[in-house]
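Chains, contacts and geometry: an overview
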Amino acid sequence: MAQSSFLSRWTGRPNAGETPSPASDPPAQKGPAPETGRSRSSVWSISPPLERIRQELDEQAGILAEAKRLLEERLAPFQRHLMEARRHVDQCLRQLDTRLGPLREFLEGQASNLERVGAHLSGELKAQFEDFEGFLAEQRKTLERANQYLDEQPLPLSRYLEDEQRAVEQVFQDLEARFEPLRGYLKEQQRLLATMTEPAVMEEFGLLASLCEERRVALERFAAAAEYRPQALFAELEGIYRKYAVQEGGKNRHLARMLEQTRQADLRLRESLRPLPREGGEDAGRVDAAP
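In what follows, the accompanying structure is described. Fair warning: this is a prediction, and the values are worked out from it, not measured in the lab.

1. Some words on the side chain of Asp 266
- Within the fold, Asp 266 resides in helix H8 (residues 253-272).
- We classify Asp 266 as buried; its relative accessible area is 12%.
- For Asp 266, the residues in contact, after removing those within four places along its chain, are Arg 215, Phe 234 and Leu 237.

2. Thoughts on the pattern of salt bridges
- Following the criterion strictly, the structure yields 18 salt bridges and no others.
- A salt bridge links Asp 163 to Arg 166, with the shortest nitrogen-to-oxygen separation between them at 2.3 Å. Placement of the pair is Asp 163 and Arg 166 together in helix H5 (residues 155-195), with a separation of three residues, close to one helical turn.
- By relative accessible area, Asp 163 is classed as partly exposed at 39%.

3. Regarding the packing of aromatic side chains
- Considering all chains together, one arrives at two aromatic pairs under this definition.
- Seen from their ring centres, Phe 78 and Phe 172 are 6.3 Å apart, and the 80 degrees between their planes marks the pair as edge-to-face. Here Phe 78 is found in helix H3 (residues 48-121), whereas its partner Phe 172 is found in helix H5, with 94 residues between them in sequence.
- With a centroid separation of 6.1 Å and 50 degrees between ring planes, the pair formed by Phe 222 and Tyr 228 is classed as tilted.
- When its relative accessible area of 22% is taken as the criterion, Phe 222 is described as partly exposed.
- The residue whose ring lies beneath Arg 263 is Tyr 241, and the NZ or CZ to ring-centre distance is 4.3 Å.

4. Details of the nonpolar core
- By size, the foremost hydrophobic cluster in this structure holds eleven residues: Leu 207, Leu 208, Leu 211, Ala 218, Leu 233, Phe 234, Leu 237, Ile 240, Tyr 244, Leu 255 and Leu 259.
- Broken down by secondary-structure element, the contributors of at least two residues to this core are helix H6 (199-224), helix H7 (230-248) and H8.
- Each residue touching Leu 233, except ones within four places of it in the same chain, is listed here: Ala 218, Leu 219 and Phe 222.
- Counting residues in hydrophobic clusters, the runner-up holds seven residues, among them Leu 114, Leu 136, Leu 143 and Leu 150.

Procedures and definitions
The numbers attached to residues start from 1 for each chain and follow its sequence in the written order. Local features are withheld for residues below a pLDDT of 70 in this predicted model, meaning they are given only at 70 or higher, and side-chain atom pairs are given and counted only at 80 or more; totals for whole chains, interfaces and linings count all residues. Hydrogens and water molecules were not included; the side-chain quantities draw on all heavy atoms of the structure. Put simply, DSSP H or I for four residues or longer makes a helix, DSSP E for two residues or longer makes a strand, and each gets a number counted from the N terminus. For every residue, the accessible area obtained with a 1.4 Å probe (protein chains only) is divided by the maximum for its type, and the residue is called buried under 20%, exposed over 50%, and partly exposed between those limits. Any two residues whose heavy atoms approach within 4.5 Å at even a single point are treated as in contact. We define a salt bridge as a contact between a side-chain nitrogen of Lys or Arg and a carboxyl oxygen of Asp or Glu at a distance within 4 Å. To pair, rings of Phe, Tyr and Trp, with the six-membered ring standing in for Trp, must have centres within 6.5 Å; the planes then decide the type, stacked if under 30 degrees apart, edge-to-face if over 60, and tilted in the middle. The criterion is that NZ of a Lys, or CZ of an Arg, lies within 6 Å of the ring centre and within 35 degrees of the ring normal, and then a charge sits over that ring. We call a set of buried Ala, Val, Leu, Ile, Met, Phe, Trp, Tyr and Cys residues a nonpolar core when their side-chain atoms join them within 4.5 Å.

Structure below.
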């Protein structure tokens with residue numbers, strides 16, 4: 001099974017061509033429907049830093065694709081050479097096997113004759129033709145040498161093909177040496193990307209996303225309400241803040257920073273919604289602040 005890519009580990013979804021593990025059923029989908037291609041592309045354009053990341057990723061993908069195309073173009077002649085050499089050698093071996101066919105049949109026939117004569121002499125004629133056993137033994141050795149000779153006939157062609165492979169491999173080894181710095185760079189990239197899928201990082205980003213979602217729901221409820229009740233909004237936002245401040249516990253740097261920044265935004269909004277005091281120092285329609 002192919003190893004999951006960084007993207008599939010980050011999103012929790014398999015890449016194209018990958019099949020999810022049958023050990024567990026996929027969880028039921030919750031929340032809004034899947035985003036369309038247009039809404040997904042807006043994820044990058046929503047922020048200049050994200051847009052720069054997208055551009056850099058696209059540029060790097062383009063560079064790697066161009067490098068792969070160039071390598072395939074440069075290496076194609078060597079690949080054709082080896083494939084053609086293998087094809088021609090295979091053709092020569094088939095022709096050689098055809099030419100050796102009658103010789104092998106002859107040797108097999110001779111071997112059968114020797115076995116038959118040897119079986120006949122092992123009986124009652126053994127004592128009478130004992131000296132003939134030596135002649136049969138010599139004939140068997142001759143047949144063995146002849147079979148060995150036939151078996152060695154394809155070896156020069158096989159060695160020739162191996163020599164061609166080694167000669168071309170010199171080009172590949174030089175290319176591999178040239179690409180060694182790139183290989184090290186890509187491995188470092190993979191290591192850095194892997195840190196983004198560590199359980200602690202995934203848990204923190206999950207909390208951040210959950211915090212944003214709860215704040216979005218609170219603001220949506222306030223915007224859609226028939227009555228203008230900002231005090232209810234600030235009370236709900238304060239409750240969300242306290243909920244995640246307890247979970248943070250000084251462990252999640254990003255969560256702590258987002259909590260502080262969103263809390264300051266809430267305070268500024270609450271302060272801006274306070275009405276101006278009336279003459280005489282009395283407040284009219286004062287907005288109740290959340291504790």
